[in-house]
Amino acid sequence: MQTDTRLIKKENYNPKELNLHETLFCNANGYIGIRGTLEEGVPSDFPTMRGQYLAGAYEIIQMKQAESLCNLVEKKQTMLNICDTQTIHLSINGEDFLPSESGSVLDAERILDMERGFTERKTHWKSPSGRELMICIKRMTHFGVKELFTIEYELEALNFSGVAVFDSYHIAEVSNYSDPNDPRLADESPCYLKTKEKGFWEGTSYSLTEAKESGVKIAVVTDHIINSNSKSDSMVREEGGALITRIRVPIKKNEKVTLIKYSAFSDSIREKDPKAKARKVISEAMKRNIEELYCEQKNYLSSFFMKSQMEIDGDKELEDAVRFNMYQLLQAAPHDSYSGIAAKGLSGEGYEGHFFWDTEMYVVPFFLLTDPELAKNILSFRYATLSKAKENALLIGHKKGALYPWRTITGVECSGYFPSGTAAYHINGAIAYAVIQYYLTTADDIFLKEKGIEILIETARLWLDTGVYGRNGHFLIQEVTGPDEYTCMVNNNYYTNASAKHNLYYAARFYEQFKDAPEILALKKRIDISDSEIEDMKKAASEMYLPYDETYGINPQDDSFLDKPVWDLSATPKEDFPLLLHYHPLHLYRYQVCKQADTVLSHFLFPSLQSRETMEKSFRYYEKITTHDSSLSTCVFSMTASMLGLKKEALSYFGDSAKLDLMNRHENTKDGVHTANMGGCYMAIVNGFAGLRINEDGLSIDPYVPEGLNRYSFPFTYQGRDLKLTVEKKKIELELLNGDDLIFKYRGKNEEIGREKKWIQKL
Ligand code: BGC
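Residues numbered from 1 in each chain as written. Predicted model: local features only at pLDDT ≥ 70, side-chain atom pairs only at ≥ 80, totals over all residues. Heavy atoms only, no water.

Engineer: Can you help me understand the side chain of Gln437 in this one?
Structural biologist: Topologically, Gln437 is positioned in helix α8 (residues 426-442). What makes Gln437 buried here is its relative accessible area of 14%. Excluding residues that lie within four positions of it along the chain, Gln437 makes contacts with Leu368 and Ile694. (Helix = DSSP H or I, 4+ residues; strand = E, 2+ residues; numbered from the N terminus. Buried < 20%, exposed > 50% of the residue type's maximum accessible area, 1.4 Å probe, protein only. Contact = heavy atoms within 4.5 Å.)

Right, here's the structure in full:
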């Protein structure tokens, strides 16, 4: 259930729901991510992923290939569970607070407060001997002080007086989560960390650990404040490797006692002396009242929602789900260029913390329109890893260009199974697409000149090096895998070719536009760009082969796709989905069956390449053979349906996407949220229902209100302006809140917002 800006769920301490709640009530701020696990722990047979993560912190592990073929990746990076500072045991006169295993829970709920930026767990519990306690635990990862995590643990004695003892843990060496039966998770989980230093220093616990292979160092410091009417005493000890701070405090009936635990984290990726940094963060935080930190958090969020708040009138649940998704995207967004956005953000270990194309294709569009600086951080990470992408290209055998890794943490390829990993060259297209959209949306030519054009040129070079001119003069791209991972290693995947065409065209276009700028002159020299190479890019773009089938009047997914038998989805038992967990990949590759939107996505991204009729026929064709086993799919079907005027379909696909994690639709939200889908859900409204597009001709809109809704509105930024679009059944209003006059297109016709600051269209 969700009310206003809060997600509220009853907590039954039921093992089936606990790990789902760990994801939904995770606290993260783009740097740290803390799963919503229970301070007191759970019985050993309860499934739990007890994790604390830092963006970009990783270990290197072996990924033994069954056959050692040339240049296959034999090592991969995996995210680190960095420590455990969330464990706090409470006992009252020797009786432990353990709601998931003893006594009785009289009432309990979990709250995610998105306006104030913290989670709460409230539990009314009766101990086996009849003591009644009210426990309220607030957790916050601070958006302003990004290294800081706080737990405010409040105990109220409802019917007794006694002595409360808090044992607060700092465990430096912890293990990662694993599930050998699920390819989307790590298959083993040793402890990757070794301790370099740990101990207490003036009551503060500290540890410095190092990942054994990567050498990444993690510093953790914790400290406590206790608020109570009676005098407390505290002592520290080390036990079983853990640093434990024990605080004893008498409590009287109807009184409250609050323990505030501060944890600070730092790492050697960002800091020369992470321990000093973590200590500094703690000592500064401890000087401040927790209320002041809450207040800052609230202010941060109010400015975030001011820039992004989506109002949906007519479906409260939907509006709440969309807000939850946006909040999760913010929790995942990096505040520097040391990391990208993992498929699960910082909310869990699914996909081992790897960054995929998900970020650029699905998440960047959200930040582009709400907080372009965050979008720039994400793209700057790709720039920072460009040299590794060039090494990756060399490894595969390319002579020139950059091939971004399919999955990575630092920029090196981490996918073991290359047919649905490294072969997915379309990741280059996604990164290029995001760079182009960044420039078209922000007009930030500094970024383009300093970083963007270099990314575009190096990715375009890769296409030139991969493709060949066929006998009929078309530029062909062979042996790649498109977005649909149930079809691998094919020739001329329509999506890949279309995005390569876009990449090649804009690499040449922007290079020529800025070729006299000092940054580009220097770049030309540094990476040796010649005019003939730029001409080659233009030629390959214009001669790019885009498969079309006369019989069906559609774009086949690739050269051989339509010759394969169609998988009978209606005869496939429900429990066989997702197919990837039940059928050998080779078997899947031999059928027309799609895991996710592929050609349909390219129609949405590059609509000018085909007639409306072809796109609609393609949509109908792929609709029948797509399982949506990937969470990246229904949102794309929704936005493409909107673009094609298929309103009923758009709404139905959107419904599947918006509540995917809240309703645990893919039954794996326990492993982390699906960030790409969350971004895709935003796109389904903004780019789909509202038809908002940004291209070389500028901004255009073509909105409608889907059945069942009355009205929706959202703010967005465009080239330095703040705007707000409101769409009603009988009226569209575009308001210019800030910035210069605007010329934009409505249904293809030029319109203007000038002095009146508002454009209104009656319907
Ligand atoms: C999808 C990919 C996606 C990955 C991570 C896979 O299931 O097929 O497109 O990048 O998940 O979200």
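Engineer: I tried to follow the nonpolar core on my own but got confused; where do I start?
Structural biologist: The nonpolar side chains of soluble globular proteins are, as a tendency, buried together. Core analysis: the biggest nonpolar cluster contains 153 residues, and Trp357, Phe367 and Phe716 have the highest contact counts within it. Here this core gathers at least three residues from each of two domains, domain 1 (7-273) and domain 2 (310-689). Ignoring sequence-local partners within four residues, the contact set of Phe367 consists of Leu329, Leu330, Ala333, Ile341, Pro372, Leu374, Ala375 and Ile378. The next biggest cluster of nonpolar side chains, apart from the first, holds 50 residues, and it includes Ile92, Phe166, Ile247 and Phe355. (Core = buried A, V, L, I, M, F, W, Y, C linked by side-chain atoms within 4.5 Å. Domains from an automatic or database assignment.)

Engineer: Looking at this structure, I do not really get the sheet that holds strand β3 (residues 27-28). What am I missing?
Structural biologist: Spatial strand order, β3-β4-β5: three strands in an open sheet with antiparallel pairing. On the outer flanks of this sheet lie β3 and β5 (52-54), each paired with one strand and no other. Inspection of the sheet shows β3 paired to strand β4 (residues 32-34) by two bridges, in the antiparallel sense. Considered in β4, the bridge of Asn27 is made with Ile34. (Pairing = 2+ DSSP bridges.)

Engineer: When you look at the site of the ligand in this model, what are you seeing that I'm missing?
Structural biologist: The environment of the ligand is formed by Ala343, Tyr351, Phe356, Trp357, Asp358, Trp406, Glu485, Lys595, Gln596, Ser630 and Leu632. Contacts to the ligand include Gln596, whose side-chain N or O atom sits 2.6 Å from an oxygen atom. Computed on the free molecule, the ligand has an accessible area of 310 Å², of which 93% lies beneath the protein chains in the complex. Considering only residue class, the shell around the ligand consists of six nonpolar, two polar and three charged. (Near = heavy atom within 4 Å. Polar contact = N/O pair within 3.5 Å; in protein donor to acceptor, adjacent residues only side chain to side chain. Areas by Shrake-Rupley, 256 points an atom, 1.4 Å probe, with all protein chains shown as cover. Nonpolar A, V, L, I, M, F, W, Y, C, P; charged D, E, K, R; others polar.)

Engineer: What exactly am I supposed to notice about helix α16 (residues 634-643) here?
Structural biologist: Of all 10 residues that make up α16, nine are buried, and the element is covered over most of its length. Regarding α16, the residues found buried are Thr634, Cys635, Val636, Phe637, Ser638, Met639, Thr640, Ala641 and Ser642. Of the surrounding secondary structure, the elements contacted by the buried residues of α16 are α5 (358-370), α14 (599-605), α15 (612-625), α17 (647-658) and α18 (675-689). Positive backbone phi, at 80 degrees, marks Gly645, one or two positions downstream of α16.

Engineer: Any chance you could explain a negative patch on the surface here in plain terms?
Structural biologist: Residues Asp740, Asp741, Glu752 and Glu756 make up a contiguous surface patch of negative charge. Note that Asp740 resides in the loop between β28 (731-738) and β29 (742-746). In this structure Asp740 comes out as exposed when scored by relative accessible area, which is 58%. (Patch = residues over 30% accessible without salt bridge, like charges linked within 9 Å, V, L, I, M, F, W, Y side chains within 5 Å. Salt bridge = Lys/Arg side-chain N within 4 Å of Asp/Glu carboxyl O. Lys, Arg positive; Asp, Glu negative; His and termini not counted. Charge placed at Lys NZ, Arg CZ, Asp CG, Glu CD.)

Engineer: How should I be thinking about the pattern of salt bridges in this particular structure?
Structural biologist: Where side chains of opposite charge bring their charged atoms close, a pairing between them can arise. As enumerated under the stated definition, the model contains 56 salt bridges in all. Glu317 is the partner of Lys659 in a salt bridge, and the nearest nitrogen-oxygen pair spans 3.3 Å. Of the two residues, Lys659 sits in the loop between α17 and α18 while Glu317 sits in helix α4 (residues 316-332), which places them 342 residues apart along the sequence. Classification of Glu317 as exposed rests on a relative accessible area of 54%. Here the residues in one salt-bridge network are Lys390, Lys400, Glu458, Arg461 and Glu533, joined through shared partners.

Engineer: In this structure, what is going on with the domain arrangement of the protein chain? I would like to understand it.
Structural biologist: Accessible area lost during the coming together of the parts is what is often quoted as the interface size. Each assigned domain of the protein chain is listed with its residue range as follows: domain 1 (7-273) and domain 2 (310-689). The centre of domain 1, based on its C-alpha atoms, is set 35 Å off from the matching centre of domain 2. In this assembly, 50 residues from domain 1 lie in contact with 44 residues from domain 2. Approximately 4,000 Å² of surface area, both sides summed, lies buried where domain 1 meets domain 2, with 60% of it carried by carbon and sulfur atoms. Counting every contact that joins domain 1 to domain 2 gives two salt bridges. We note a salt bridge from Lys76 to Glu352, for which the minimum N-O separation is 2.9 Å. When residues of the side of domain 1 that touches domain 2 are traced back to their parent elements, those giving at least two are β2 (6-10), α1 (15-24), β3, β4, β5, β6 (58-62), β7 (75-79) and β10 (104-113). Of the residues forming the side of domain 1 that touches domain 2, the biggest block, five residues, is contributed by β7. Here the residues of the side of domain 1 that touches domain 2 sort into 27 nonpolar, 14 polar and nine charged. (Buried area = accessible area lost by both parts, 1.4 Å probe.)

Engineer: What's the story with the packing of aromatic side chains in this structure? I'm lost.
Structural biologist: Within a pair of aromatic rings, the relevant descriptors are the distance that separates the centres and the angle that separates the planes. Throughout the structure, instances matching the rule amount to 36 aromatic pairs. Ring geometry for Tyr433 and Phe606: centres 5.8 Å apart, planes at 85 degrees, overall edge-to-face. Note that Tyr433 is positioned in helix α8 and Phe606 in the loop between α14 and α15, a separation of 173 residues in sequence. Both residues of the pair, Tyr433 and Phe606, belong to the buried class. Ring pairing ties together the aromatic residues Tyr351, Phe356, Trp357, Tyr362, Trp406 and Tyr495, which thus form one cluster. Here the basic side chain of Arg279 rests over the ring of Tyr206, its NZ or CZ set 5.1 Å away from the ring centre. (Phe/Tyr/Trp six-rings, centres within 6.5 Å; stacked < 30°, edge-to-face > 60°. Lys NZ or Arg CZ within 6 Å of the ring centre and 35° of its normal.)

Engineer: I'm lost on helix α7 (residues 386-396) in this one. Help?
Structural biologist: Every α-helical turn comprises 3.6 residues, leaving residues that sit three or four positions apart pointing alike. Three or more residues of α7 are buried, namely Leu386, Ala389, Asn392 and Ala393. Burial along α7 is one-sided: seen end-on, the buried residues are contained in an arc of 110 degrees. Among the exposed residues of α7, those pointing more than 90 degrees away from its buried face are Glu391 and Leu394. Against the buried residues of α7 lie α6 (372-384) and α9 (445-466). Looking at the residues trailing α7, positive phi occurs at Gly397, about 115 degrees. (Arc of directions from axis to C-beta.)

Engineer: What exactly am I supposed to notice about the state of the cysteines here?
Structural biologist: Covalent bonding between the sulfur atoms of two cysteines defines a disulfide. A full pass over the atoms with the stated rule returns zero disulfides. The thiol of Cys70 is unpaired, and the distance to the nearest cysteine sulfur, on Cys414, comes to 19 Å. With relative accessibility at 68%, the residue Cys70 sits in the exposed group. Lacking any disulfide linkage, Cys136 is separated from the closest cysteine sulfur, that of Cys26, by 19 Å. Of the residues examined, Cys136 reaches a relative accessible area of 13% and is grouped as buried. (Disulfide = S-S within 2.5 Å.)

Engineer: Looking at this structure, I do not really get the sheet that holds strand β8 (residues 88-92). What am I missing?
Structural biologist: Hydrogen bonds between backbone atoms are what pair the strands of a sheet, whose relative direction is either parallel or antiparallel. Ordered in space as β9-β8-β14-β19-β18, the five strands form an open sheet in which the pairing is antiparallel. The strands lining the two open edges of the sheet, one partner per strand, are β9 (95-96) and β18 (233-239). When β18 meets strand β19 (residues 242-251), the two strands line up antiparallel, connected through seven bridges. From the neighbouring strand, Glu239 faces β19, where its bridge partner is Ala242.

Engineer: I would appreciate a short explanation of unusual backbone geometry in the present structure.
Structural biologist: Where the residue is not glycine, phi is negative for most of them; where a peptide bond is considered, it is trans in most cases. Cis peptide bonds are those with omega within 30 degrees of zero, and the linkage from Phe577 to Pro578 qualifies with -5 degrees. Looking at where Pro578 falls in the secondary structure, it is placed in the loop between α12 (531-543) and α13 (585-589). Positive phi is not limited to glycine here, since Lys757 has a value of about 65 degrees. Looking at the element boundaries, Lys757 is found in the loop between β30 (749-753) and β31 (758-762).

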